[in-house]
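Spelled out, the chains give:
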Amino acid sequence: MRVRFAPSPTGYLHIGGARTALFNWLFARRHGGVFVLRIEDTDVERSSADMVEGILDGLRWLGLDWDEGPRIGGPHEPYFQSGRLDRYRALVDRLLASGDAYYCYCTPEELQAKRDAAGGEWKYDRTCCGLTAAAVAAREQEQRQRAVRIKVPEGEIAFTDRVHGPISFDGANVEDFIILRSDGHPTYQLSVVADDIDMGITHVVRGDDHISNTPKQILIYRAAGAPVPEFAHVPLILGPDKKRLSKRHGATSVMEYARQGYLPEAMLNFLTLLGWSPGAGDQEMFTRQELIAAFALEGINGGNAVFNPEKLDWFNQQYIMRLAPNDLAVRVRPFFEAVGIWRDDLIDDRHAWFFAMLELFRPRAKRLQDIAEQAKFFFVDAVELDPAAADKHLRAAGMAEHLVALDEALASAATFDAQTLEGILRHTAEARSVKAATLIHALRVALTGKSISPGIFDVLALLGRERVHIRINAAVRVASGVAS
């Protein structure tokens, strides 16, 4: 069993393409087959090497290793369509020789005039199909530009889709379509079939938007005398508004999700369940091996799948919670570096402190980026106060005196651990006839600059005695209305 993923490098790997690649990869791994990666780069003007690398990076990030294709080779090289033009022309020559295809000398202007005259639906009228040998020779002598068209036979074109079941098209509604343009370049219909034949592809798993291409491709397979592969057309992915997923719904490039701090295993799990179901049961969290063992084309739903960002966040949070401390530290490093708070000793001399600090943010983080953003206050000399939080919690009547008293009490703490510090704060609040919550809110703003943070007593302990003293003193000046 051989499957392929054949993206066009006119854009980066997007969510829909990634899911198609994933379904092909799972199907191949489930059945001990071969997963081929092929780059459809015949659109020279829009294709680029950067886009190719972007696609490869996205697949690598998801852990979708290919058995044949770019960078690793294989028995059917090259795996770039731009290097296979001679093969497409060879197939065209065979189809011309067998009478399954013919030259079309009609100019674009002539074709447009006929469309305009028809005033509605128009199908190519086979003007050039009936040309005599002498007429063809005369046009060749004149070196007229010509395309090549497939001669569509009469009758039904039917296939059984592994997702949608039996599908059929009336050949009478399919025009003699072009397989080689007048500039010598193949059309998509020809190149994809030629490649699939050469590479021995047995199953074509792709998006629903290719269903309309299938009858034309089946005709090319038959004309070439090649076996027709099995088809499985996967429903499209829609945004929350039930429209086709696009940039307006947020990030659609796989690597953009990586840059935002989504874990590849979370994305893999989420994408697999986006239009596929394992059957009975309500299991949602799957390891890679569990997905391989359970995957079947029959589990793909016929209806369009809806991309739910909140569900992706949930999956990511679940996987973040399952990371070992050392693994979490390694994975957050790029995000800490991006916001300028990384220090190499965090995974060396200070690793115990760093791991403890990460545990404060792990339960509330939907993305790794969140941890880096929320943890900044641990790594700066002075925090920037949120104006609204400072007005509400620091500039309250008597708060400067309350904070001075709290600072003195904390300075006398025998041990600087969360339990001890909580006891000191609550005792201070009681002694000053102020609610503990009032003091906690003010302390949170003083230490973190914000009104929301992890447990403030854990924050106190991890910040340390000296930095706590400095920040409370700075907050006292704010509470007293003294300019810093």
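Conventions adopted
- Residues numbered from 1 in each chain as written.
- Predicted model: local features only at pLDDT ≥ 70, side-chain atom pairs only at ≥ 80, totals over all residues.
- Heavy atoms only, no water.
- Helix = DSSP H or I, 4+ residues; strand = E, 2+ residues; numbered from the N terminus.
- Rg over C-alpha atoms; globule rule 2.2 N^0.38 Å.
- Buried < 20%, exposed > 50% of the residue type's maximum accessible area, 1.4 Å probe, protein only.
- Contact = heavy atoms within 4.5 Å.
- Areas by Shrake-Rupley, 256 points an atom, 1.4 Å probe, with all protein chains shown as cover.
- Lys, Arg positive; Asp, Glu negative; His and termini not counted.
- Charge placed at Lys NZ, Arg CZ, Asp CG, Glu CD.
- Core = buried A, V, L, I, M, F, W, Y, C linked by side-chain atoms within 4.5 Å.
- Axes fitted to C-alpha atoms, helices over the stretch in contact; angles between N-to-C directions.
- Parallel < 35°, antiparallel > 145°, perpendicular 65-115°, else oblique.
- Left-handed = near helix turned anticlockwise from the far one by under 90°.
- Nonpolar A, V, L, I, M, F, W, Y, C, P; charged D, E, K, R; others polar.
- Phe/Tyr/Trp six-rings, centres within 6.5 Å; stacked < 30°, edge-to-face > 60°.
- Lys NZ or Arg CZ within 6 Å of the ring centre and 35° of its normal.
- Pairing = 2+ DSSP bridges.

*Asks:* So what exactly am I meant to see when it comes to the overall build of the chain here?
*Replies:* Helices and strands together make up the secondary structure of the chain, namely 20 helices and 11 strands. For the chain, whose C-alpha radius of gyration is 32 Å, the value lies well above the compact-globule estimate of 23 Å for 484 residues. By principal-axis analysis of the C-alpha atoms, the chain measures approximately 110 × 45 × 40 Å. Looking at the chain as a whole, 48% of its 484 residues qualify as buried. Across the chain, every contact between residues at least 6 apart in sequence was considered, and the portion connecting residues at least 24 apart equals 74%. When the accessible surface of the chain is summed, it comes to about 22800 Å², and 50% of that surface belongs to carbon and sulfur atoms. The chain carries 56 positive and 64 negative side-chain charges, and their two centres are separated by 2 Å.

*Asks:* Explain the nonpolar core here, please?
*Replies:* A general tendency of soluble globular proteins is for nonpolar side chains to be buried together. Judged by nonpolar contacts, the single largest core of 116 residues is most densely connected at Phe-336, Phe-354, Met-357 and Phe-378. The greatest single-element share of this core, amounting to nine residues, is contributed by helix 1 (residues 15–30). Discounting residues that sit within four places of it in the chain, Phe-336 has contacts with Ile-341, Trp-342, Phe-354, Met-357, Leu-358, Ile-371, Ala-372, Ala-375 and Phe-379. Grouped together as the second largest cluster of nonpolar side chains are 33 residues, Tyr-79, Tyr-88, Leu-190 and Phe-231 included.

*Asks:* What is the right way to read the side chain of Ser-191 from this model?
*Replies:* Position of Ser-191 relative to the elements: it lies in helix 6 (residues 188–198). For Ser-191, the contacting residues outside a window of four places in its chain are Gln-81, Tyr-88 and Pro-186.

*Asks:* Where do I start with the packing of helix 6 against helix 7 (residues 214–224) in this structure?
*Replies:* What describes two packed helices is the angle between their axes and the distance between those same axes. Running from N to C, helix 6 and helix 7 cross one another at 50 degrees; their axes reach a closest spacing of 9 Å. Between helix 6 and helix 7, the angle falls in the class oblique. Crossing handedness for the pair helix 6 and helix 7: right-handed. Here Tyr-188, Gln-189, Leu-190, Val-192, Val-193, Asp-196 and Ile-197 of helix 6 come into contact with helix 7, specifically with Lys-216, Gln-217, Ile-220, Tyr-221 and Ala-224. For the contact of helix 6 with helix 7, the class distribution of residues is eight nonpolar, two polar and two charged.

*Asks:* What am I meant to see in the packing of aromatic side chains here?
*Replies:* For any pair of aromatic rings, the description rests on two quantities: the centre-to-centre distance and the angle between the ring planes. Taken as a whole and assessed by the stated rule, the structure comprises 19 aromatic pairs. Residues Trp-122 and Tyr-124 carry aromatic rings whose centres are separated by 6.4 Å and whose planes lie at 85 degrees to one another, so their mutual orientation is edge-to-face. The exposure class assigned to Trp-122 is partly exposed, which follows from its relative accessible area of 23%. Here Phe-336 and Trp-342 contribute two aromatic rings whose centre-to-centre distance is 6.5 Å and whose plane-to-plane angle is 90 degrees, an arrangement assigned as edge-to-face. Residue Phe-336 is classed as buried on the basis of its relative accessible area of 0%. In this structure Trp-342 comes out as buried when scored by relative accessible area, which is 11%. One aromatic cluster is present, formed by Phe-336, Trp-342, Trp-353, Phe-354, Phe-361, Phe-377, Phe-378 and Phe-379 through successive ring pairs. Residue placement shows Lys-311 over the ring face of Trp-314; its charged tip is 4.5 Å from the ring centre.

*Asks:* Can you help me understand the sheet that holds strand 4 (residues 147–150) in this one?
*Replies:* Read across the sheet, three strands follow the order 3-4-7 without closing on themselves; strand pairing throughout is antiparallel. Both edges of this open sheet fall to strand 3 (101–104) and strand 7 (178–180), since each of them pairs with a single strand only. Between one strand and the next, the sheet's axes are offset by a mean angle of 45 degrees, whatever the strand orientation. Bridge count between strand 3 and strand 4: four bridges; the pairing is antiparallel.

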